[in-house]
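Results of the structural survey
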Amino acid sequence: MAIDTTAIDFGTVDVGTTATMAVTLTNTGGDPFGPINIFGGAPPTAEFNASQNCQANTLPAGGSCSVTYTFAPSAAGNFTDTSNFTISETPSASDGENFSVSLAGTGSDPTATTTTTTSTTTTTSTTTTTTSTTSTTTTEPTATTSDAPAPTTQPPSPSPTPSPTAPPPTEATSTPADATTTTTTVPRFPLTGVAFAPQPAIVVKVDNVDAEPQSGLNQADIVFEEIVEGRATRFAAVFHSAEANPVGPIRSARTQDLDLLAALNDPALVYSGANEAVDAALQDAGIETFGEATPGFFRRDDLTAPHNLYANLAAIRPQIVSSGDAVPVFQYLEPGGSVAGTPVTFASLLVGSNDVRWDWDDVQGLFLRSQLGSPHELADGRASADNVVVLVVPYGTSAAGGGPEAETIGEGQAIVYSDGQRVDGTWSRAAPTDPFTLDSGGTPILLTPGRTWVELVDADHQLADG
């Protein structure tokens, strides 16, 4: 395999826009090459992203595929990064050929302006400074004498990404009446309603049979609990605003995951594998999957298989190539908003045969989880959530293996627990790529910004609270 270039310079690109360039990989041998497994590729810097059309393709002699890069500067300034990836004809990266592409680009802020207002005696200069995507826009008036030079606008410095449990930032600052004001809406992490960083979600299938204490569930933005064979349950833990290092134990995927994955805009899937029919369905859907052969996976010697497979998401994320940036699954309250519902101190329910209880802790402002009569302990403490969303869904039978299959397209009853309140309503979703719409008598149900557990229960849920 040969690559046509090892360096891409996007030049100057305006903040808020995206530039695209690609490298071409060509089979220079005399025999077909493939089916291709491609590992890595996604640059770690948020301003750059990558996608590719090589995975699973077989290139004839002289055939080619491409890795496409985008540059979307979040602020003015220079950005550089390196994309490293491996092309292999086997599921092992160690059997492949390594490639490296250096990336460079300059962000330009076309909205950065200097406005001057002149009176007979003084000149008032106002400098507008726009911060990075997780900060606010402020304006401050500066009085100078009429012959003083106007201040220049400095490029912003990126600010740290807030933790997923940090309070949302202020959306805009107030300024004096005679100042020029610029207001910027602060984007948020789409799966928690707090800060935003454009990157794919990673869905990890986590065991819930002989698996406690699991690792990483309290770092997930959303945890879906699904009924599987034998009315046991399994978790689909969605990571976007935080990582888990490690997360596990990791188990296999099911066909019911496909509709849930689609709502997240083509996320990456970390799993232990699946039967042939499920894997074929995942491939047909274009889901980028990572299994045990992926760097970052490991097995714990102190646990018994199959309950001992774990992964470090810090090692997985740089290998993501083709997944899409996460989009919201639910709607969230604005900063300072409150939930209007019925106060509760607990909620108990059956998810399959799993006896689950959530207790409201007013001091921590969290719901604390128990299952099978005991606190649900994780490697780093008790399982908890800001929101518990109970969705009553029909369960059919999967054509790939015959197990239960949650039907999350349609509509049904929804019970939402948030900020110590219960809100009753309905859920609806017309297509796999749609978010979940939660409604209470014509009013959208908005969640508290933070982490959410979704209990996908059937009609025998035996929900009680008080």
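Let me sum up the structure you'll find in this document. (Residues numbered from 1 in each chain as written. Predicted model: local features only at pLDDT ≥ 70, side-chain atom pairs only at ≥ 80, totals over all residues. Heavy atoms only, no water.)

**Observations concerning helix 2 (residues 276-284)**
Measuring from the side-chain oxygen of the N-cap residue of helix 2 to the backbone nitrogen of Ala-277 gives 3.1 Å; that N-cap residue is Asn-275. Downstream of helix 2 by a residue or two, Gly-286 has a phi angle that is positive, lying close to 75 degrees. (Polar contact = N/O pair within 3.5 Å; in protein donor to acceptor, adjacent residues only side chain to side chain. Helix = DSSP H or I, 4+ residues; strand = E, 2+ residues; numbered from the N terminus.)

**Considering the sheet that holds strand 2 (residues 7-14)**
Pairing is mixed in the open sheet, where 4 strands are placed in the order 2-8-7-4. A single partner strand is all that each edge strand has here, and the edge strands are strand 2 and strand 4 (37-40). For this sheet, the mean inter-axis angle between neighbouring strands, taken without regard to orientation, is 25 degrees. For strand 2 and strand 8 (residues 97-108), the ladder comprises 6 bridges, and the chain directions are parallel. Within strand 8, the position partnered with Ile-8 by the bridge is Leu-103. (Pairing = 2+ DSSP bridges. Axes fitted to C-alpha atoms, helices over the stretch in contact; angles between N-to-C directions.)

**As for the packing of aromatic side chains**
Tallied over the entire structure, the rule returns 12 aromatic pairs. Arranged with centres 5.0 Å apart and planes meeting at 25 degrees, the rings of Phe-48 and Phe-71 form a pair that is stacked. Here Phe-71 lies in strand 6 (residues 64-71) and Phe-48 lies in strand 5 (residues 48-52), a separation of 23 residues in the sequence. No difference in accessibility class separates Phe-48 from Phe-71, as the two residues are buried. In textbook terms, an aromatic cluster arises when at least three aromatic residues are bridged by ring pairs, as seen for Phe-10, Phe-48, Phe-71 and Phe-79. Across the ring face of Phe-436, the terminal group of Arg-429 is positioned such that the distance to the ring centre comes to 4.7 Å. (Phe/Tyr/Trp six-rings, centres within 6.5 Å; stacked < 30°, edge-to-face > 60°. Buried < 20%, exposed > 50% of the residue type's maximum accessible area, 1.4 Å probe, protein only. Lys NZ or Arg CZ within 6 Å of the ring centre and 35° of its normal.)

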